[in-house]
Amino acid sequence: MTKRLVFAAAAAGMFAVSGAQAADLPVAPEPVDYVRVCDAYGSGFFYIPGTETCLRIGGGMRVEFRFRDFADDGNSNWGSRDGNATTTRARAYTRFDSRTATEYGLLRTYVDLWFTGDSGGSTDATVTLENAFIQFGGFTFGRVAHGFFDFYTGDAWGSMLDQGFSDHETTVFAYTYGFGNGLSASLSVEDATFSRGTLANGTFNASGDLNDVYGGHKMPDLVANVRIDQGWGAAQVMGAVHQVYGDSTVQDSAVGWALGAGVTFNLPMIAPKDSVSFQAAYAQGASAYVSSNLDVDGVVKASGSVDTATAWGVGGGFKHHWTNQLSSGFSASYASLDGFGQTYDLDQWAVQGNLAWQPVSGFLLGVELEYLSESYDNPSANLQSDDDLVGMFRVQRTF
């Protein structure tokens, strides 16, 4: 009996000691998903923990001091006591780019948000959805900063005046097929409300603007292009079909269309990243595809039928790096609009240039001048020839 008690006490002591020792052992940590660098799509991407999706978060900040139209005292903000001759702008950017490799090709989403505060009494910033699209294989669905007709949109900043090329945001449902060696073809169905000008009936509202008798949106624009991107540069030919649809006061419609071609040549023999570009476009009833400065697609005749306006334009630009830190961009364009008769006939010239200094990567200070001349063949009280000369000083940080 005594021996059994001794053995039981010894066994209990052993278990107590082993339990205490176990309690003193370190506890294994929970598994941690460390952020991994994703180098498959360039710098700045990382894997979202627990997934095979790569994400890049970027953005920037831009501040501008603007000198508004000082081309002529008779029709400028400087010549009027009520006009704002100088203004300011602060704009912040937030960008999210996610990419996942799938058996069907790349799955990508891209969101680009702009927050803008301009001169004025309100402290509220306006929010712009510049880009918000999904790409899957060769498909693109969503809002894009440039439709599939757009190619060359200028080498200057064009922050205050448009540079005179097709350049407009829109929502697309598109497919791009790559043939190899940089050659591709795209077919896109695009929201036509973003490429509309004005369907004019010859009357003006109280503000002196043309009354627009465009009807509701019925048919989207159909856009196609063939493009090549290689070491020497890039080139594109493009076309678009656009419906000019009158409202209930018109009861008529017409089919508009546009054709264009552009080319960019890289000039490494002058300086790295230098380039020169040329572009031309012609349109019937789709003037925005020639220049975003043109705003008449058609005219309602006395008979009530719709007559499409004719537009054509040419332009080009040059990007030059004076040094590794100092660069300039120049753009020039001409566009002509021919409406029914001479009432809306218009010639437009646009010239822009800048000088930018980048002391460190992602940081820029620069100045730009922008000029736009609009000359009507038959000016009237509401359609007056005008010229605008504006300038700005810009500070920008991008990351």
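This structure is a prediction, so every number in the text was calculated from the model and none was measured.

Enquirer: Teacher, can you tell me more about the state of the cysteines here?
Expert: Going through the model one piece at a time under the given rule, you end up with 1 disulfide. The partner cysteine of C38 in its disulfide is C54, sulfur to sulfur 2.0 Å. Between C38 and C54, the S-S torsion sits near 80°, and that sign places the bridge as right-handed. Note that C38 is positioned in the loop between α1 (2-24) and β1 (46-47) and C54 in strand β2 (residues 54-67), a separation of 16 residues in sequence. We classify C38 as buried; its relative accessible area is 1%.

Enquirer: Can you walk me through the nonpolar core in this structure?
Expert: The nonpolar side chains of soluble globular proteins are, as a tendency, buried together. One finds F149, Y289, L294 and L337 to be the most contacted residues of the largest nonpolar core, which totals 33 residues. Of all the secondary structure elements, the ones that give two or more residues to this core are β7 (170-180), β12 (233-245), β14 (275-284), β15 (296-300) and β18 (326-338). Here this core takes 3 residues from β12, the largest share from any one element. Each residue touching L294, except ones within four places of it in the same chain, is listed here: S287, A311, A335, S336, L337, L346 and Q348. Membership of the second largest hydrophobic core comes to 8 residues, among which are V213, V244, V250 and V300.

Enquirer: I tried to follow the sheet that holds strand β16 (residues 306-308) on my own but got confused; where do I start?
Expert: The strands making up a sheet associate through backbone hydrogen bonding, with each pair oriented either parallel or antiparallel. With mixed pairing, the 4 strands of this open sheet are ordered in space as β10-β9-β15-β16. Looking at the sheet topology across the chains shown, the edges are occupied by β10 (210-212) and β16. Strand-to-strand, the axes of this sheet are offset by a mean angle of 45°, without reference to chain direction. In this sheet, β16 lies alongside β15 in antiparallel orientation, the contact comprising 3 bridges. When the sheet's bridge partners are listed, G298 is paired in β16 with T308.

Enquirer: I tried to follow the pairing of β18 on my own but got confused; where do I start?
Expert: Regular strands place their side chains on alternate faces of the sheet. Bridge analysis of strand β17 (residues 310-321) against β18 gives 12 bridges, and the strand direction is antiparallel. Residue pairing in the sheet places V314 in a bridge with Y334 of β18. Following β17, the chain reverses through 4 residues before pairing antiparallel with β18. Pairing of β18 with strand β19 (residues 346-360) involves 12 bridges; the strand directions are antiparallel.

Enquirer: How should I be thinking about unusual backbone geometry in this particular structure?
Expert: For residues besides glycine, phi is generally negative; the peptide bonds are generally trans as well. A positive phi is found at N181, a non-glycine position, where the angle reads about 55°. The residue N181 is located in the loop between β7 and β8 (183-190) in this model. Here the phi dihedral of K273 falls at roughly 75°; this positive angle occurs in a residue that is not glycine. As for its position among the elements, K273 is in the loop between β13 (253-266) and β14. Its relative accessible area of 70% is what places K273 among the exposed residues.

Enquirer: For this particular structure, what's the right way to read the packing of aromatic side chains?
Expert: Aromatic rings in a pair are described by how distant their centres are and how their planes are angled relative to each other. Taken as a whole and assessed by the stated rule, the structure comprises 15 aromatic pairs. For the pair Y334 and W349, a centre-to-centre distance of 4.7 Å together with 50° between the ring planes defines the contact as tilted. With Y334 in strand β18 and W349 in strand β19, the pair connects residues that are 15 residues apart, well separated along the chain. An aromatic cluster of at least three residues, connected via ring pairs, comprises F139, F141, F173 and Y175. Above the plane of the ring of Y47 lies R36, whose end atom (NZ or CZ) is 4.2 Å from the centre.

Enquirer: Would you explain the pairing of strand β9 (residues 198-204) in this entry?
Expert: Bridge count between β9 and β15: 3 bridges; the pairing is parallel. Looking at the pairing, L199 lines up with G298 of β15. One ladder, built from 2 bridges, connects β9 with β10; its direction is antiparallel. Opposite F204, over in β10, you have L210 as the bridge partner.

Calculation criteria
- Residues numbered from 1 in each chain as written.
- Predicted model: local features only at pLDDT ≥ 70, side-chain atom pairs only at ≥ 80, totals over all residues.
- Heavy atoms only, no water.
- Disulfide = S-S within 2.5 Å.
- Helix = DSSP H or I, 4+ residues; strand = E, 2+ residues; numbered from the N terminus.
- Buried < 20%, exposed > 50% of the residue type's maximum accessible area, 1.4 Å probe, protein only.
- Core = buried A, V, L, I, M, F, W, Y, C linked by side-chain atoms within 4.5 Å.
- Contact = heavy atoms within 4.5 Å.
- Pairing = 2+ DSSP bridges.
- Axes fitted to C-alpha atoms, helices over the stretch in contact; angles between N-to-C directions.
- Phe/Tyr/Trp six-rings, centres within 6.5 Å; stacked < 30°, edge-to-face > 60°.
- Lys NZ or Arg CZ within 6 Å of the ring centre and 35° of its normal.

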